[in-house]
Amino acid sequence: MRHVRTVLGDIPAAELGVCDAHDHLFLRSPRLPGQELDDLPAARAELEAFRAAGGAAVVQWTPYGMGRHAADLPALSRTTGVHLVCATGLHQAAHYAPESLARVSGGRLAALFVSELTDGIGRTGVRAGLVKVAGGFHTLDKHARWTMTAAAEAHHATGAPIAVHLEQGTGALEVLDLLCGELGVPGERVILGHLNRAPDPVEHRQAAGSGCWLAFDGPSRAHHATDWRMPEAVRALAEAGFGDRLLLGGDTVTAGARSVDGGPGMPYLLRRVRARLAEAVGADLVDRMLTEHPARAFAADWSPARG
């Protein structure tokens, strides 16, 4: 039986419950000065609001070096009753000070990912449950290829899923050519994020044909025409036979986007998006996108033989 690796330990995939498959409780980046997610009481309140809306699990895609607050996650999970999954991995180079990247330069990156997946993050005892990496705008630069190669090594050593930030939703096929083609990662172990930002139905179908997961995350961002087209994109994939490859997430990346700070936040996914998508594809598929699908996407065989 595959298990999801949460911050409180491994749980059977069927126990995950209603899941926000891509979000952030904590996040810090030089690209978002003054907008950091680093307030512990606010994170707790946001999780409580998500739980009150019917949520049961959140996958935090914040990777290494971006303020994960790994040590705080177990207490947050116990207090709120929400399963939390933490990430290892590395984002685009622009999200780090040069000295931060220097500490993981050379061939040590895959070893870092494996250690955080199996031994734990620093001295926290919290083990990551996925590897998060990132592509560029319509392309993969040297940094992206380095991080994805390390992610693939970590996957082969542990079975961990790999979640990929697609810049503005682009570059999906380039990512799959590298991860699944050159590096041998099975498509079902790859989660592509931000498909809603580039609603190209042809590229969506081609990506889904690899067996990967397509995450429609960040639907609460205001004034994005692509958000209005998300139900249409989801329906097109379902009609093409790929309804079983879809995930939903909120991707809260700034303090002002939290519901407890006046934004839509995590509860929006269940208060508004769920009902809107149900009109397009039916409540049954949406329910599976929030429960069965993330349970399959983030579960792995964490057997001792693999780490």
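See the structure above.
Because the structure is a prediction, the values reported are computed rather than measured.

1. Quick look at the overall build of the chain
Part 1: The secondary structure content of the chain amounts to 12 helices and 12 strands.
Part 2: The C-alpha atoms of the chain give 17 Å as radius of gyration, which agrees with the globular expectation for 307 residues (19 Å, within 12%).
Part 3: Considering only C-alpha atoms, the chain reaches an extent of 50 × 45 × 40 Å along its principal axes.
Part 4: Looking at the chain as a whole, 55% of its 307 residues are labelled buried.
Part 5: Sequence separation of at least 24 residues holds for 76% of the intrachain contacts in the chain that already meet a minimum separation of 6.
Part 6: With the model as given, the accessible surface of the chain reaches about 11800 Å², and the carbon-plus-sulfur share is 51%.

2. Remarks on the side chain of Arg-189
Part 1: In this fold, Arg-189 is placed in the loop between α6 (172-182) and β9 (190-193).
Part 2: For the buried Arg-189, which has no salt bridge, the nearest side chain bearing the opposite charge is Glu-188, at an N-O separation of 4.7 Å.

3. Examining helix α1 (residues 40-52)
Part 1: The terminal C-alpha atoms of α1, which comprises 13 residues, lie 18 Å apart, in line with the 18 Å expected from a rise of 1.5 Å per residue.
Part 2: Taken together, the buried positions of α1 are occupied by Ala-42, Ala-43, Glu-46, Leu-47 and Phe-50. Looking straight down α1, one finds its buried side chains confined to an arc of 135°; they lie on one side. The outward face of α1, more than 90 degrees from its buried face, is lined by the exposed residues Pro-41 and Ala-52.
Part 3: Buried positions along α1 lie against β3 (19-23), β4 (57-60), α2 (73-80), β5 (83-85) and α10 (267-281).
Part 4: Where α1 begins, the capping side chain belongs to Asp-39, and its oxygen is found 2.9 Å from the backbone nitrogen of Ala-42.
Part 5: Gly-54 sits one or two positions beyond α1 and adopts a positive phi of about 110°.

4. Observations regarding α6
Side chains of residues three or four places apart in an α-helix project in the same direction, reflecting 3.6 residues per turn.
Part 1: Among the residues making up α6, those that are buried are Ala-172, Val-175, Leu-176, Leu-178 and Leu-179. Seen along its axis, α6 keeps its buried residues to an arc of 165°; they face one direction. More than 90 degrees from the buried face of α6, the exposed residues found are Asp-177, Gly-181 and Glu-182.
Part 2: Summarising the contacts, the buried residues of α6 are in contact with α5 (142-158), β8 (162-165), β9 and α7 (201-208).

5. Thoughts on the packing of helix α9 (residues 230-239) against α10
Part 1: As a packed pair, α9 and α10 sit with axes 9 Å apart at the nearest point and diverge in direction by 45°. One way to sum up the angle between α9 and α10 is to call them oblique. When you trace α9 past α10, the crossing you get is right-handed. Here Met-230, Pro-231, Val-234, Arg-235 and Ala-238 of α9 lie close against α10, whose contacting residues are Val-273, Arg-276, Leu-277, Ala-280 and Val-281.
Part 2: Class assignment of the residues belonging to the contact of α9 with α10 gives a composition of eight nonpolar, no polar and two charged.

6. Description of empty space enclosed by the protein
Part 1: This structure, assessed with the given rule, holds one cavity of 30 Å³ or more.
Part 2: Approximately 30 Å³ is the volume found for the largest cavity.
Part 3: Of all the secondary structure elements, the ones that give two or more residues to the lining of the largest cavity are α7 and α9.
Part 4: Classifying every residue of the lining of the largest cavity gives four nonpolar, one polar and one charged.

7. Examining the packing of helix α4 (residues 109-118) against α5
Part 1: Their axes nearest at 8 Å, the elements α4 and α5 cross at an angle of 45°. Comparing the axis directions of α4 and α5 gives the class oblique. Crossing of α4 over α5 shows right-handed handedness. Touching Leu-109, Ala-110, Phe-113, Val-114, Leu-117 and Thr-118 of α4 are Trp-146, Thr-147, Ala-150, Ala-151, Glu-153, Ala-154, Ala-157 and Thr-158, all from α5.
Part 2: Its residues assigned to classes, the contact of α4 with α5 shows 10 nonpolar, three polar and one charged.

Rules and cut-offs
Residues numbered from 1 in each chain as written. Predicted model: local features only at pLDDT ≥ 70, side-chain atom pairs only at ≥ 80, totals over all residues. Heavy atoms only, no water. Helix = DSSP H or I, 4+ residues; strand = E, 2+ residues; numbered from the N terminus. Rg over C-alpha atoms; globule rule 2.2 N^0.38 Å. Buried < 20%, exposed > 50% of the residue type's maximum accessible area, 1.4 Å probe, protein only. Contact = heavy atoms within 4.5 Å. Areas by Shrake-Rupley, 256 points an atom, 1.4 Å probe, with all protein chains shown as cover. Lys, Arg positive; Asp, Glu negative; His and termini not counted. Salt bridge = Lys/Arg side-chain N within 4 Å of Asp/Glu carboxyl O. Expected span 1.5 Å × (residues − 1). Arc of directions from axis to C-beta. Polar contact = N/O pair within 3.5 Å; in protein donor to acceptor, adjacent residues only side chain to side chain. Axes fitted to C-alpha atoms, helices over the stretch in contact; angles between N-to-C directions. Parallel < 35°, antiparallel > 145°, perpendicular 65-115°, else oblique. Left-handed = near helix turned anticlockwise from the far one by under 90°. Nonpolar A, V, L, I, M, F, W, Y, C, P; charged D, E, K, R; others polar. 1 Å grid on protein atoms, 1.4 Å probe; cavity = no way out; pocket = protein on both sides within 12 Å on 5 of 7 lines; lining within 4 Å. Points joined across faces, edges and corners; volume = space filled by probe spheres on them.

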